[in-house]
Each structure stands twice: as C-alpha cells, then as structure tokens.
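Report on the structure
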Amino acid sequence: MNQWSVIWSARQSFIDGLLVTLELFIIAAVAGLLLGLLLSYVTEHQQRLVNRLITGFVNLMRAIPFLILAYLLYYGLPELGISMEAWSAGLLALIIYHGAYFFEILRSQRRLLAGGYIEAATAQGFSRYRTWRHIIAPNILSSALPLLGNQLIICLKDTAFLSIITVQEITAAANGVQATYFIPFNAFIVAIALYWGISILLELLIKRLGNYGKRRGVSHV
C-alpha cells in the first residue's frame, strides 16, 4: 500500500478534523465580528472611561500571542475554579482575540468616514443608534471588507494552534495520521490543501460581498 492509499484509508480523520475546524471558524468569525461591531457602537457614545477600557482590551490582545491566550483559558482558568472543555476554551479564545482585531479594523474605517454622513443623519432626526445602524455600520463594513477578509483567513489559520490544547481539528488530524503511519509529508500536504481550499472560498465570498456593496452604493471610498 502506497502512502496516498494510507491517507485515503484515514480520510475520516481528516473529514472529522475539517468539520471541527469549520465549526470553530464559522462560530468564531460571526461572534468575533459581532463583538467588534458592538465595541464599535459603544465607542460612538464617547464615554472616556469605557473607551479607555476598550482600548486597553484591544492593546492587550494585540500584545499577546494567540496561543498564550488559548493556554491561559484552558490551563490557567481551572486554577480559579473555572473549567472548560478544550473546544469551548479554543472557541472563546478565537472570539476574544479576533473580536479585538475586527474592532480595530472597523475603528480605522470609522475614522475615514466623512462627517457629512453623520450631520445629514442628525438633520433627518436619526437617533444615535439609527445613525450607527443605517449609516456608519454599512459604510465601514463595506470599506473594510478586504481587511476583514484577511483577518478571517488569520482566524482560520489560528484554529491550527488549538491542536496544542487537544482540539481535534485539521492539524490534529494530520498529526495523528503522521504519528500512526509515519508519513508526515503526505499528511500535512492534505492539511495544507484543506486550509488553502477554505481560504480560496473565503476570498471568493469577500469579493462577492464587495461587488454587492458597490452595486448597492454602500461605500464611502
């Protein structure tokens, strides 16, 4: 039996790992983006203390490696009496970490939004929430799509670190196959192909969303 036949015989491990990776990534991407949007909305209220806390949180996430955060949640929190399964700890780490980056991306685009949009909404009697929902959020999301797409790919790749805390995703599946059959090259080539395929699909999705935004005229650039 050649090495690729061995990989085929172990395909269920890769399928299971792919499903876990997709589940983690999709939930983390949606929840992280929602966290970024929530923080973006909160900062619109111009509360100095709250904004400083948010800035401190974002700076902290930017300063620490993702793997350290995952270690802290999975191995560190039990010392405080808080225990989570590896999957839950990994998901929470992804949401917190990338939510901070999503917010930073949205904040950078918010600074580029022309003040005339806000003035026009205020003149029309829009509340702060309606202004953010109908004017600010659609515009900054549209203009930030390329950056958000890049961050989504980083989020996808960060799921590979979760194999270190025993989450059985793609990288863990590849490592298990190579350890059992001693074929590291083939096993990790399959893992790379799976990550690459998901990344291509993400790029296509972002491109379609960008074209849709242009057709709807939702952009300030």
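What you see is a predicted model; the values in this text were computed from it and never measured. (Residues numbered from 1 in each chain as written. Predicted model: local features only at pLDDT ≥ 70, side-chain atom pairs only at ≥ 80, totals over all residues. Heavy atoms only, no water.)

1. A short note on the overall build of the protein chain
Put simply, the rule is: Secondary structure elements follow DSSP: runs of H or I no shorter than four residues count as helices, runs of E no shorter than two count as strands, and numbering proceeds from the N terminus. Buried, partly exposed and exposed residues are distinguished by accessible area as a fraction of the type maximum, computed with a 1.4 Å probe on protein chains only: under 20%, between the cut-offs, and over 50%, respectively. In this analysis, two residues are considered to be in contact whenever any of their non-hydrogen atoms come within 4.5 Å of each other. In these tables, accessible area is a Shrake-Rupley quantity obtained with a 1.4 Å probe, and a residue counts as shielded only by the protein chains included in the view.
What the protein chain contains, in helices and strands, is ten helices and zero strands. Out of the 221 residues in the protein chain, the part that is buried amounts to 41%. Looking at the protein chain alone, contacts between residues at least 24 apart form 80% of all its contacts between residues at least 6 apart. Surface exposure of the protein chain reaches about 12500 Å², of which carbon and sulfur atoms provide 64%.

2. Details of the environment of Ala93
Relative to the assigned elements, Ala93 resides in helix α5 (residues 86-112). For Ala93, a relative accessible area of 0% translates into the label buried. For the pair Ala93 and Trp132, spaced 39 residues apart in sequence, the C-alpha separation works out to 28 Å. Aside from chain neighbours lying at most four places away, what touches Ala93 is Phe66, Leu69, Ala70 and Leu73.

3. Quick notes on the UniProt feature "domain: ABC transmembrane type-1" (unreviewed entry) in the protein chain
Worth spelling out the cut-off: UniProt positions are given in the numbering used here, feature names are shortened, and annotations may be inferred rather than shown by experiment.
On the UniProt side, "domain: ABC transmembrane type-1" (unreviewed entry) is annotated at positions that read residues 18-206 here. Structurally, residues 18-206 comprises 81% helix and 0% strand, and the distance from its first C-alpha atom to its last is 21 Å.

4. A look at the packing of helix α3 (residues 48-63) against α5
The condition is simple: Working convention: axes come from line fits to C-alpha atoms, limited for helices to the stretch in contact. Angles between N-to-C directions cover 0 to 180 degrees. Crossing chirality is assigned from the near helix's rotation relative to the far helix, an anticlockwise turn below a right angle marking it left-handed and a clockwise turn marking it right-handed. Gly is placed with the polar residues, together with every amino acid not listed as nonpolar (Ala, Val, Leu, Ile, Met, Phe, Trp, Tyr, Cys and Pro) or charged (Asp, Glu, Lys and Arg).
The contact between α3 and α5 brings their axes to 9 Å, and the two run at 115°. Seen along the crossing, α3 lies across α5 with a hand that is left-handed. Here Ile54, Thr55, Phe57, Val58, Met61 and Arg62 of α3 come into contact with α5, specifically with Ile96, Tyr97, Ala100, Tyr101, Phe103, Glu104 and Arg107. By residue class, the composition of the contact of α3 with α5 is nine nonpolar, one polar and three charged.

5. Here's the deal with a nonpolar patch on the surface
Going by this rule: Residues qualify for a patch when their relative accessible area is over 30% and they have no salt bridge, like charges being joined within 9 Å and the nonpolar side chains of Val, Leu, Ile, Met, Phe, Trp and Tyr within 5 Å. Salt bridge, as used here, is a side-chain nitrogen of Lys or Arg placed within 4 Å of a carboxyl oxygen of Asp or Glu.
On the surface, a nonpolar cluster with roughly 440 Å² of combined accessible area is contributed by Trp4, Phe185, Ile189 and Ile192. Tracing the sequence through the fold places Ile192 in helix α10 (residues 184-216).

6. Considering the nonpolar core
Formally: We call a set of buried residues a nonpolar core when its members are Ala, Val, Leu, Ile, Met, Phe, Trp, Tyr or Cys and they connect through side-chain atoms within 4.5 Å of each other.
Membership of the largest hydrophobic core comes to 58 residues, with the highest contact counts inside it found for Ile7, Phe14, Phe25, Leu94, Leu152, Leu162 and Val177. By residue number, the principal contributor to this core is α5, which donates twelve residues. Once residues lying within four places of it in the same chain are set aside, the contact partners of Ile7 are Phe14, Val177, Ile183, Asn186, Ala187 and Val190.

7. Quick word on the environment of Leu204
Looking at the secondary structure, you find Leu204 in helix α10. Separated by 173 residues in the primary sequence, Leu204 and Ala31 have C-alpha atoms spaced 21 Å apart.

8. Quick word on unusual backbone geometry
Residues other than glycine seldom take positive phi values, yet Thr166 does so here, at roughly 75°. Along the chain, the position of Thr166 falls in the loop between α8 (145-158) and α9 (170-181). Although it is not a glycine, Phe182 sits at a positive phi angle of roughly 60°. Here Phe182 shows up in the loop between α9 and α10.

9. Here we look at the packing of aromatic side chains
Here is the rule: Each aromatic pair joins two rings of Phe, Tyr and Trp (for Trp, the six-membered one) with centres within 6.5 Å, and gets the label stacked for planes under 30 degrees apart, edge-to-face for over 60, and tilted for any other angle. By the criterion adopted, a ring carries a charge over it if an Arg CZ or a Lys NZ lies within 6 Å of its centre and within 35 degrees of its normal.
Taken as a whole, this structure holds seven aromatic pairs when the rule is applied. Arranged with centres 5.8 Å apart and planes meeting at 90°, the rings of Tyr41 and Tyr129 form a pair that is edge-to-face. Here Tyr41 is found in helix α2 (residues 11-43), whereas its partner Tyr129 is found in helix α7 (residues 128-143), with 88 residues between them in sequence. Here the guanidinium or amino end of Arg11 rests over the ring plane of Trp8, the centre of that ring lying 4.3 Å away. In this structure, Arg130 is placed above the aromatic ring of Phe126, and the distance from its NZ or CZ to the ring centre is 4.1 Å.

10. Quick notes on the UniProt feature "transmembrane region" (unreviewed entry) in the protein chain
Within the UniProt annotation, "transmembrane region" (unreviewed entry) is assigned to residues 20-41, 53-74, 86-103, 135-154 and 185-206. Segment residues 20-41 splits into 100% helix and 0% strand. End C-alpha atoms: 31 Å apart. Within residues 86-103, the helical portion is 100% and the strand portion 0%, while the C-alpha atoms at the span's ends are 26 Å from each other.

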